[in-house]
Amino acid sequence: KGMKRISDENIGVSEPSLDQLMRTVFDMSETELDICLCVMEGGEQTVAELAEQIDHDRSVVSRHLNHLADLGVIDKRRRILKEGGQIHVYTPEDPAVVRRNLLGAFVFWVQEATTRIDSLSREKVEAMVETDTRDPQWRIYQE
């Protein structure tokens, strides 16, 4: 069953910006978007390098980098240091891989959102309306 294109006329929803999409669907903050762009534009970097570049605490940068790696928009690799120990380096994913990963996550999000909308019951809708009266406020419930 193919999907039918929905006209944007009279639906009350505007086309989302890329920023809105990233924030809403992928739960990215402004800082996380900045970090993502830094890696995509700057290539391979460590947590320390990124923290210095955007002037944020390393723990904050590390948390955001892990989320971006989980989303599949950047790649996280462990590098063994010559002097001993290890460090994680972050590199941009291939754009085709990023698109595929984000599209997969978006489709999952839409499925979950659709399930939530389908679960709306009369009680939930009435609670959303927040009226002082117990009489139904929507015509559909008055019939």
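See the structure shown above.
Residues numbered from 1 in each chain as written. Predicted model: local features only at pLDDT ≥ 70, side-chain atom pairs only at ≥ 80, totals over all residues. Heavy atoms only, no water.

(A) Summary view of the sheet that holds strand β3 (residues 86-92). Judged by pairing direction, the sheet is antiparallel, and its three strands sit side by side in the order β1-β3-β2 without closing on themselves. Of all the strands in the sheet, the pair left with one neighbour each is β1 (45-46) and β2 (74-80). For β1 and β3, the ladder comprises two bridges, and the chain directions are antiparallel. Bridged to Gln45 within β3 is Tyr90. Here helix α4 (residues 58-71) sits on the sheet and contacts β2 and β3; the angle it forms with β2, its principal contact strand, is near 115 degrees. (Pairing = 2+ DSSP bridges. Helix = DSSP H or I, 4+ residues; strand = E, 2+ residues; numbered from the N terminus. Contact = heavy atoms within 4.5 Å. Axes fitted to C-alpha atoms, helices over the stretch in contact; angles between N-to-C directions.)

(B) Spotlight on the packing of helix α2 (residues 30-42) against helix α3 (residues 47-54). Close contact between α2 and α3 brings their axes to 11 Å; oriented N to C, the two are set at 115 degrees. At the point where α2 passes α3, the crossing takes the right-handed sense. Contacts between α2 and α3 pair Thr31, Ile35, Cys38 and Val39 from the former with Leu50, Gln53 and Ile54 from the latter. Looking at the contact of α2 with α3, its residues break down into five nonpolar, two polar and no charged. (Left-handed = near helix turned anticlockwise from the far one by under 90°. Nonpolar A, V, L, I, M, F, W, Y, C, P; charged D, E, K, R; others polar.)

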